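What follows is the residue order along each chain.
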Amino acid sequence: MPGFEDGFLDLPKRAGKPRTAGLTHVMDKGMNLRDIEGMFDTGGEFVDIVKFGWGTSYVTNNLEKKIALYRSFATPVVCGGTLFEAVYALGKLDAFKAWLLHNRFSHVEISDGTLDIPRERKLELIAEFARDFTVLSEVGSKDAEAIFAPYQWVEWIKEELAAGAWKVITEGREGGTAGIYRPTGEMRTGLVDEIAHEIDIADLIFEAPTKGSQAWFVKHFGPEVNLGNIPPDEVIPLETLRLGLRGDTLKEILLPEQAPST
């Protein structure tokens, strides 16, 4: 069921949690317990997974309480991929896995956006962690100047899905300035289209931290596109974009016969 009563508008149907498509992947950069409760009080039905950004989970107070609170809302949490990369660089993978299990994490993110991890080694680690966790892998560099050909993105995504990743995240950074975005914030639309042509979008999570990028994905792929790095205060605004209740997507979602052709 949706998180609201659609009494008279006959909006697009959205499955209830747990969803397999149309995921909203939220960024927690250090929210306190009251902020988390507030987010779920007003928009919890639209929050599918929460990421503790980069290495914040390692230094935050009350981590156990935060994880327990998210679990009480039937919402999985995952550490940012940068923490995994630090663990890898320091040779602490076994300790990291034990720490994840101790804290009852069900999901883990594996990325190589900052460090160069040999390709075969990354695929081995995805397969290894997939035995105990639900793996979200990430492709693309956090270096805004790093450019990779679309066929490379497609190849990497296919390899990581085959290795055991549940979803593959396309890098965009917190501000939408790298990976599938240019340093100016402009989306590399040709790259995204080529990825989507070769990969089922249900297997992807596109990082989309800004309203403009969120609207573009919803207009381009529909309400059921998986979007990540969503700020907590953008959960409800994003859902209105998915449902055509915001001017940016109203015509495309509710009145497609009036939408301009693309």
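Up top you'll find the structure we're talking about.
Bear in mind the structure is a predicted one, so any value in this text is a computation, not a measurement.

Section: the pattern of salt bridges
- One pass over the structure, following the stated rule, counts 21 salt bridges.
- Of the charged contacts, one joins Arg 14 and Glu 239 as a salt bridge, the two residues approaching to 2.9 Å between their closest N and O atoms. Pair noted here: Arg 14 is in the segment before strand E1 (24-28) and Glu 239 is in helix H10 (residues 235-243), with a separation of 225 residues, a long-range link. Assigned by exposure class, Arg 14 and Glu 239 land together as buried.
- Between Arg 242 and Glu 239 there is a salt bridge; the shortest N-O distance is 3.9 Å.

Looking at the nonpolar core
- With 60 residues, the main nonpolar core has Tyr 70, Phe 129, Phe 217 and Leu 227 as its most contacted residues.
- Formed by 5 residues, the second largest nonpolar core is a distinct cluster that contains Ile 49, Val 78, Leu 136 and Ile 169.

Regarding the packing of aromatic side chains
- In the structure shown here, the tally under the stated rule is 16 aromatic pairs.
- Measuring from ring centre to ring centre gives 6.2 Å for Phe 217 and Phe 221, while their planes differ by 25 degrees; the resulting arrangement is stacked. One end of the pair is Phe 217 and the other is Phe 221, both in helix H9 (residues 211-221) and 4 residues apart, which spans about a single turn.
- Look at Phe 217 and you get buried, because its relative accessible area is 0%.
- Put simply, the rings of Phe 40, Phe 52, Tyr 58, Tyr 70, Phe 73, Phe 84, Phe 96, Trp 99, Phe 105, Phe 129 and Phe 133 touch in pairs and so form one group of aromatic residues.
- Stacked on the ring of Phe 129, the Lys or Arg Lys 97 has its end atom at 4.9 Å from the ring centre.

Some thoughts on unusual backbone geometry
- The residue after Lys 17, namely Pro 18, is reached through a cis peptide bond having omega -5 degrees.
- With phi around 55 degrees, Asp 10 is a residue other than glycine that occupies positive phi space.
- Mapped onto the elements of the fold, Asp 10 is located in the segment before E1.
- The residue Asn 229 is not glycine, and still its phi comes out positive at about 55 degrees.
- Structurally, Asn 229 can be placed in strand E8 (residues 227-230).
- A residue is classified by how much of its surface remains accessible, and Asn 229, at 5% relative accessible area, is buried.

Side note on the pairing of strand E6 (residues 167-170)
- Covered by surrounding structure in E6 are Lys 167 and Ile 169 together with Val 168 and Thr 170, the residues of both alternating faces.
- Examined bridge by bridge, strand E5 (residues 134-139) and E6 share 4 bridges and lie parallel to one another. When the bridges of E6 are listed, Ser 137 appears paired with Val 168.
- Where E6 lies against strand E7 (residues 204-207), 3 bridges are found, and the strand directions are parallel. If you follow Val 168 over to E7, its bridge partner there is Leu 204.

Thoughts on the environment of Glu 145
- Among the structural elements, Glu 145 can be located in the loop between E5 and helix H7 (150-163).
- For the pair Glu 145 and Pro 183, spaced 38 residues apart in sequence, the C-alpha to C-alpha distance is 7.6 Å.

A word on the packing of H7 against helix H8 (residues 189-198)
- As a packed pair, H7 and H8 sit with axes 9 Å apart at the nearest point and diverge in direction by 40 degrees. With respect to each other, H7 and H8 are oriented oblique. Here the hand of the crossing between H7 and H8 comes out right-handed. When H7 is examined against H8, the residues Pro 150, Trp 153, Val 154, Ile 157 and Lys 158 are found in contact with a partner set consisting of Leu 191, Glu 194, Ile 195 and Glu 198.

Overview of the sheet that holds E1
- The parallel open sheet is built from 8 strands, whose spatial order is E3-E2-E1-E8-E7-E6-E5-E4. The open sheet terminates on both sides in strands that have one partner only, identified here as strand E3 (77-79) and strand E4 (107-110). Looking at each pair of strands side by side, their axes are set apart by 25 degrees on average, direction ignored.
- When E1 meets E8, the two strands line up parallel, connected through 2 bridges. Within E8, the position partnered with Thr 24 by the bridge is Leu 227.

Thoughts on the pairing of E8
- Sheet topology places E7 next to E8; 2 bridges connect them, and they run parallel. Counterpart to Glu 207 in the pairing with E8 is Gly 228.
- For the segment spanning E7, H9 and E8, crossover handedness is right-handed.

Cut-offs used in this document
Residues numbered from 1 in each chain as written. Predicted model: local features only at pLDDT ≥ 70, side-chain atom pairs only at ≥ 80, totals over all residues. Heavy atoms only, no water. Salt bridge = Lys/Arg side-chain N within 4 Å of Asp/Glu carboxyl O. Helix = DSSP H or I, 4+ residues; strand = E, 2+ residues; numbered from the N terminus. Buried < 20%, exposed > 50% of the residue type's maximum accessible area, 1.4 Å probe, protein only. Core = buried A, V, L, I, M, F, W, Y, C linked by side-chain atoms within 4.5 Å. Phe/Tyr/Trp six-rings, centres within 6.5 Å; stacked < 30°, edge-to-face > 60°. Lys NZ or Arg CZ within 6 Å of the ring centre and 35° of its normal. Pairing = 2+ DSSP bridges. Axes fitted to C-alpha atoms, helices over the stretch in contact; angles between N-to-C directions. Parallel < 35°, antiparallel > 145°, perpendicular 65-115°, else oblique. Left-handed = near helix turned anticlockwise from the far one by under 90°. Contact = heavy atoms within 4.5 Å. Right-handed = clockwise from strand over helix to strand, strands pointing away.

Everything listed here is a matter of coordinates, which is why it stays silent on function.
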